[in-house]
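Structural overview for review
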Amino acid sequence: QVWNLDTDLPQVALDEEVRRGPGLASAASGSSPLRIVVRRAVPVILNDDGVAATLYTTQPTVGEALLTHGIFLYLGDRVTPSLGSRVLAGMRIYIKRSTPVIISADGDTIRTRTQRNIVSDVLGQEGVILMGKDYSVPSPDTPLIEDMEIQVMRVREELEIEQELIPFESKWVPDPEMRIDTQQLVQSGGPGVIKSRYRVTSENGQEVSNTLEDEWIDHPPSDKIIAYGTQVVVQTLDTPDGPFEYWRHFRVLATSYSAATSGKAKDHPRYGITRTGLQAGQGVIAVDPKVIPLWSEVYVPGYGRAVAGDTGGSVLGRHIDLGFDEDVPPLWYRWVDVYVSTPVPASDQIRYVLPNWPQEPRR
């Protein structure tokens, strides 16, 4: 037991001293005398990370001596001699303090202390390995300072292949063996593919660069080839008005109009005057001149003979507008055949491939 200097002596010892007289109690009773041991404090010299101080201690070991003097130690601190060594008078105790650092790596935060001197060494101490293009901030050869924050950047590189379609083209090839206004698919088109290789670099899961390394055509597109007929055959159509000789016929959407529905008031100087100067009415139809040239003679079943003498803003492609004399013309909106009269134009004046719009609904 440890007793302070102001602690009273045990009561039993005091009673025996009074009864027997000084110095006689122990001899008479045969019991051991009260023993008071004075442990002398011994001096030790403490060097705490370069700061020297002299401590006096009665503790038997270095660790207990430091503890009683409130010297706090971290697990990473180095004490020489060891904490279990016995205290001797004049002993020199050295404490080399560890450096606190914070490491952020792989989504974790490591708070540690180290005796190492540079960043790479403390990373190795904690088992944090830099591989490939990984790096740290600050750099691995940076000297450590207290409370330094070290961030480990995991660098990953991946190769990504992207592909883009190359559109194919449609080529129209004339075929003199095919009848005009007939077509035949010679070759189905197909898109080509162009491929690109990118090197994608990410740091800690965040993309930082995307570099095009190579680009090549994996396979070229193949053109769609359509043959169209250029052979013109003159034929004759029997009509209620007599034979009609024609060199071409095709399907069109037929509508109807009159001078009164053409958008001009009757007192307008151009009222009823068509694109060619003819008077609008029966036998004059509006056409798309790129499909049926103006002044062409045509025959429309159910309407009769007519001349292509007018145009219209909405008359485009395979669309004709039949002229009537009445202010309120009969309502036409149907698909019919139109026959174009001879003579046959020169080949450079013929549009062999007509527009495919509007399109006739399938039945």
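Residues numbered from 1 in each chain as written. Predicted model: local features only at pLDDT ≥ 70, side-chain atom pairs only at ≥ 80, totals over all residues. Heavy atoms only, no water.

1. Structural notes on the nonpolar core
For the record, the criterion: For this analysis, a nonpolar core means a set of buried residues of the types Ala, Val, Leu, Ile, Met, Phe, Trp, Tyr and Cys, connected via side-chain atoms within 4.5 Å. Think of it in three bands: residues with accessible area under 20% of the maximum for their type are buried, residues over 50% are exposed, and the middle band is partly exposed, with areas taken using a 1.4 Å probe on protein chains only. Every helix listed is a DSSP run of H or I at least four residues long, and every strand listed is a run of E at least two residues long, numbered separately from the N terminus. In this description, contact between two residues means that some pair of their heavy atoms is separated by no more than 4.5 Å.
Formed by 25 residues in total, the largest nonpolar core has its most connected members in Phe-250, Ile-292, Tyr-303, Ile-320 and Leu-322. Put simply, the parts of the chain that give this core at least two residues each are β16 (242–258), β18 (297–300), β19 (304–310), β20 (319–324) and β21 (333–341). The element that contributes the greatest number of residues to this core is β16, accounting for four residues. Those residues within four positions of Ile-292 in sequence are excluded, and the remaining contacts are Phe-250, Val-287, Val-298, Ala-308, Ile-320 and Val-338.

2. Looking at the pairing of β19
What counts is decided by this rule: In this scheme, strands are said to pair when DSSP sees at least two bridges between them.
When you tally the buried positions in β19, you get six out of seven residues, the bulk of the element. As defined by bridge partners, strand β17 (residues 284–286) adjoins β19 across three bridges and the pair is classed as parallel. What sits directly across from Ala-286, in β19, is Asp-310. Taken together, the four bridges between β18 and β19 define a ladder with antiparallel strand orientation. Within β19, the residue paired with Glu-297 across the bridge is Val-307.

3. Quick notes on a nonpolar patch on the surface
Our working rule: A patch consists of residues whose relative accessible area exceeds 30% and which take part in no salt bridge; residues with like charges are grouped when within 9 Å of each other, and nonpolar side chains (Val, Leu, Ile, Met, Phe, Trp, Tyr) when within 5 Å. For the area figures, the Shrake-Rupley method with a 1.4 Å probe applies, and any residue is considered shielded solely by the protein chains shown. The working definition used for a salt bridge is a side-chain nitrogen of Lys or Arg within 4 Å of a carboxyl oxygen of Asp or Glu.
Taken together, the side chains of Leu-9, Leu-34, Ile-36 and Val-38 make up a nonpolar region of the molecular surface, amounting to roughly 400 Å² of accessible area. Its place among the elements puts Val-38 in the loop between α2 (25–29) and β1 (42–48).

4. Notes on the sheet that holds strand β13 (residues 206–219)
For the record, the criterion: All axes are obtained by fitting lines to C-alpha atoms, using only the stretch in contact for helices, and the reported angles, taken between N-to-C directions, cover 0 to 180 degrees.
Within the open sheet, the three strands sit side by side as β9-β12-β13. Their pairing is antiparallel. Strands with a single pairing partner mark the edges of an open sheet, and in this sheet they are β9 (155–166) and β13. Strand after strand, the sheet turns through a mean of 20° between neighbouring axes, direction not considered.

5. A look at the side chain of Ser-296
Formally: In the analysis that follows, any N or O atom pair within 3.5 Å is treated as a polar contact, provided that within protein one partner can donate a hydrogen and the other can accept it, and provided that, for residues neighboring in sequence, both atoms belong to side chains.
For Ser-296, the position within the fold is in the loop between β17 and β18. Ser-296 gets classed as buried once you look at its relative accessible area, which sits at 15%. A polar atom in the side chain of Ser-296 sits 2.7 Å from the backbone oxygen of Pro-293.

6. Details of a negative patch on the surface
Keep this limit in mind: Charge counting treats Lys and Arg as positive and Asp and Glu as negative, with His and both chain ends excluded. Every charge is mapped to an atom, namely NZ of Lys, CZ of Arg, CG of Asp or CD of Glu.
Together, Glu-158, Glu-160, Glu-162 and Glu-207 give the surface a local cluster of negative charge. The element best represented in the negative patch is β9, accounting for three residues. With respect to the helices and strands, the residue Glu-162 is situated in strand β9. Exposure remark for Glu-162: the relative accessible area of 41% places this residue in the partly exposed category.

7. With respect to the pattern of salt bridges
One pass over the structure, following the stated rule, counts 16 salt bridges. Of the charged contacts in the structure, one is a salt bridge between Asp-48 and Arg-97, with a shortest N-O distance of 2.9 Å. With a gap of 49 residues between them, Asp-48 in strand β1 and Arg-97 in the loop between β4 (91–96) and β5 (99–105) connect regions that are remote in the sequence. Comparing Asp-48 with Arg-97, the two get one shared label, buried. Across the salt bridge formed by Arg-154 and Asp-106, the nearest N and O atoms sit 2.8 Å from each other. Within this pair, whereas Arg-154 is found in the loop between β8 (148–153) and β9, its partner Asp-106 is found in the loop between β5 and β6 (108–114), the two being separated by 48 residues in sequence. Each of Lys-133, Glu-157, Arg-197, Arg-199, Glu-213 and Asp-214 takes part in one network of salt bridges that share partners.

8. Let's talk about unusual backbone geometry
Cis geometry is adopted by the peptide bond preceding Pro-343, which originates at Thr-342 and carries an omega value of 10°. Here Pro-343 lies in the segment after β21. Omega for the peptide link from Trp-357 to Pro-358 comes to -10°, which places this bond in the cis form. In this fold, Pro-358 is placed in the segment after β21. With phi around 55°, Asp-49 is a residue other than glycine that occupies positive phi space.

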